[in-house]
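These are the residues of each chain, in order.
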Amino acid sequence: MSFTADCLLLFGATGDLAQRMLLPSLCALGADGLIPPDLRIVGTARQDLDDHSYRNFARAALEKYMPADRRGAMAEFLNRLHYQPLDANETAHFALLAAKVGTPQHGLSIFLSTAPSLFEPTIAGLVASGLAGEKVRIGLEKPLGTDLETSRQINDAVARAFPEDRIFRIDHYLGKETVQNLLALRFANIMFEPLWNAAHIDHVQITVAETVGLEGRVGFYDGAGALRDMVQNHMLQLLSLVAMEPPAHYDSTSIRDEKVKVLRCLRLVAPDETVTGQYRAGAIAGQPVPGYDDELGKDSGTETFVAIKAHVDNWRWKGVPFYLRTGKRLPERVTEIVINFRRVPHSIFASKAARTEPNRLVIGIQPEENLTLSLMAKVPGLDRDGIRLRPVPLDIAMDDAFAGPTKRIAYERLLLDLIEGDQTLFVRRDEVEAQWDWIDAIRASWAEHGLRPKPYTAGSWGPSAAIALAERDGVTWHE
Ligand code: BG6
C-alpha cells in the first residue's frame, strides 16, 4: 500500500545503531527537507527516559556522531522526538506505546533493531496493541536469525502480522550509493554486458576488509562469526548484484527476482574451498592491537576471517570462481569487487616484453568509490627489440566526477525508503532464506570436518591458507 508515513517508531532507540546511524541520518534528512515536516519520531527501548531526557540523549549522540556542518537543523529535529520506555516481554507496555504513537494520519513506519530473541514478543505486542494495521510497515534490522530455521521462525512471526509488501528487511550495504552504482555500471552501459559472462571473465574477487576488531560487541559477535555476520548478508548481496541477469525494470520485484535466482544457483562449497581464521595480537597502522581471545577474555572457536571459493552454477557463470574474503583486523578498510577478464585468445605480439595481461575492472565500494579498468598499452619507444606492452589504469574517481551532490550514508537512503514505502533496496524473504540455506551448509561442513580457525596476525591479510586458496588456481588476491 502506498503512503508516506507521518510517524516513525524506532525500537532500540538508545542502542548503538540509533546513536551512530539512525538519529544522525534522520536529522540530516530533516535538515534537507526530505522527510515530511510533520513526521513524529517515537523512540522506544528499555531505558527509563521521557521525551525530555531522550531529546538530551539524542543531542549527545548527534554531537558525537554527526559532522558539525550537518547539524544545522538539530533543534528542530529534536522537537520531533518522543520516547516511551518498553520491555518487549511485557504485553501491557505496548498499550502505553500505542497511546504514545497515537493515530498517525497517513501511516506508521516501524524500525525494529532489537535482539533476535525479542522479535517474536515484539510482533505479538504490536498486534495486541493495534500497531500492526494496514497503514503500518515494518523494517527489520539484522541479525534475522542465526540459521535458516531461526530465520524462518522470525519470518513466520512477522508474516503473521504483516504481508511481505509491508516488510522491509535491511541490509545496509544496499543503501550504499556505491553498491547501487553497480546496477548503473552494469545496466546503463553497453560495453560491459556482452563481456559479463564465463566466456570473457576468468574469475571474480569480492573483498570486505575491516581494520576494527570486536568494537565492544562481545556477546553478539562471538555467537556469530564472520560467515554469519558478513557473508550471509552483505557479501552475498554484492555477489548477487554482480552475477544477476539484467532485470526488466528498476523496481523491487524485478531486481529481487533476479537476485534470488543467483542465490539459488550457488553451489555447495567443498571443504577445501573455505578457509577460516582468527586474529592474534598484532598492529594496525603501526598501533599495537590485542588478539581476539584477549579482547573476548576467553578462548573461542569463532572465525573473524573467512575466505570462500564460490560458484554460481548457471549458464552465464559456469566455471567462473567467485573468491570471497572478509575479516576483522586486516591491514586496511576496503570493500571492492574485482572482475578479472580472460586473456586475449591469441597474441599477435611475439616478443617476451609484449606479454598481454588480462584486463581487470576494480570496482571500489569503500572507503573510496572508484572504477579502475586496466588496459594494455604500448610502452613508447622505437621497439628495436620488439614491441613492449604494459597495463595502464583507466581511472574514474566518483568524488571527482560528482563533486556537487551530497554524499548520503546508507541509513539516510534506507530510512527514507522505509518512510515512503519503496522496497527495492530491501531484502525479500526468499533471498534471506536462500542465503541462509547456503551458509548453513558451509557451517555444517565445517562442523563435520572439525574445521578450526587458523590464527593470523592482526594487520595481515588473514591466514596464509587463504592466499593458497586462490594461488593454487593461479589467482592472486588483489591488494
Ligand atoms: C555489520 C556487521 O553488518 O557491518 C559489522 O555486523 C561490520 O561487524 C559492519 O563491522 C560493516 O559495515 P560497513 O558499512 O562499515 O562496511
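In the block above lies the structure referred to throughout.
Okay, so let's go over this structure. Just so we're clear, the structure is a prediction, and the values are computed from it rather than from any experiment.

**What about the sheet that holds strand β17 (residues 454-457)?**
Here is step 1: The strand order across the open sheet built from nine strands is β16-β15-β14-β13-β7-β12-β11-β8-β17, with neighbouring strands paired in mixed fashion. Across the chains shown, the open sheet's two edge strands, defined by having one partner strand only, are β16 (389-397) and β17. Strand after strand, the sheet turns through a mean of 20° between neighbouring axes, direction not considered.
Here is step 2: Where strand β7 (residues 201-209) lies against strand β13 (residues 334-341), eight bridges are found, and the strand directions are antiparallel. When the bridges of β13 are listed, His-203 appears paired with Asn-340.

**Considerations on the site of the ligand**
Here is step 1: If you check the shell around the ligand, you find Lys-142, His-172, Tyr-173, Lys-176, Glu-210, Arg-217, Asp-229, Met-230, His-234, Lys-328, Arg-333 and Gln-366 and nothing else.
Here is step 2: Arg-333 is positioned such that a nitrogen or oxygen atom in its side chain is 3.2 Å from an oxygen atom of the ligand.
Here is step 3: Within the side chain of Gln-366, a nitrogen or oxygen atom sits 2.7 Å from an oxygen atom of the ligand.
Here is step 4: Compared with its free state, where it exposes 400 Å², the ligand has 83% of that area covered by protein.
Here is step 5: Looking at the shell around the ligand residue by residue, the classes come out as two nonpolar, three polar and seven charged.

**Topic: helix α5 (residues 119-128)**
Here is step 1: Phe-119, Thr-122, Ile-123, Gly-125 and Leu-126 are the residues of α5 that are buried. For α5, the arc enclosing every buried residue in end-on projection is 160°, short of the 170-degree limit, so these residues lie on one face.
Here is step 2: Tucked inside the fold, the buried residues of α5 contact β1 (7-11), α4 (91-101), β4 (108-112), β5 (136-140) and α6 (148-161).
Here is step 3: Directly beyond the C-terminal end of α5, a positive phi value near 75° is found at Gly-130.

**Quick notes on the packing of aromatic side chains**
Here is step 1: Scanning the model with the defined rule gives 10 aromatic pairs in all.
Here is step 2: Aromatic pair Tyr-54 and Phe-57: ring centres 5.7 Å apart, planes at 15°, arrangement stacked. With a gap of three residues between them, Tyr-54 and Phe-57 both fall in helix α2 (residues 51-65), about one helical turn apart. The burial state of Tyr-54 is the same as that of Phe-57; both residues are buried.
Here is step 3: On the numbers, 5.3 Å between centres and 80° between planes, the contact of Trp-317 with Phe-322 is edge-to-face.
Here is step 4: A residue is classified by how much of its surface remains accessible, and Trp-317, at 0% relative accessible area, is buried.
Here is step 5: Members of the aromatic cluster, each reached through a chain of ring pairs, are Tyr-221, Tyr-279, Tyr-292, Phe-305 and Tyr-456.
Here is step 6: Directly above the ring of Phe-3 sits Arg-137, whose terminal nitrogen or CZ lies 3.8 Å from the centroid.
Here is step 7: Looking at Lys-176, its charged tip hangs above the ring of Tyr-173, at a distance of 4.6 Å from the centre.

What counts, and at which threshold
Residues numbered from 1 in each chain as written. Predicted model: local features only at pLDDT ≥ 70, side-chain atom pairs only at ≥ 80, totals over all residues. Heavy atoms only, no water. Pairing = 2+ DSSP bridges. Helix = DSSP H or I, 4+ residues; strand = E, 2+ residues; numbered from the N terminus. Axes fitted to C-alpha atoms, helices over the stretch in contact; angles between N-to-C directions. Near = heavy atom within 4 Å. Polar contact = N/O pair within 3.5 Å; in protein donor to acceptor, adjacent residues only side chain to side chain. Areas by Shrake-Rupley, 256 points an atom, 1.4 Å probe, with all protein chains shown as cover. Nonpolar A, V, L, I, M, F, W, Y, C, P; charged D, E, K, R; others polar. Buried < 20%, exposed > 50% of the residue type's maximum accessible area, 1.4 Å probe, protein only. Arc of directions from axis to C-beta. Contact = heavy atoms within 4.5 Å. Phe/Tyr/Trp six-rings, centres within 6.5 Å; stacked < 30°, edge-to-face > 60°. Lys NZ or Arg CZ within 6 Å of the ring centre and 35° of its normal.

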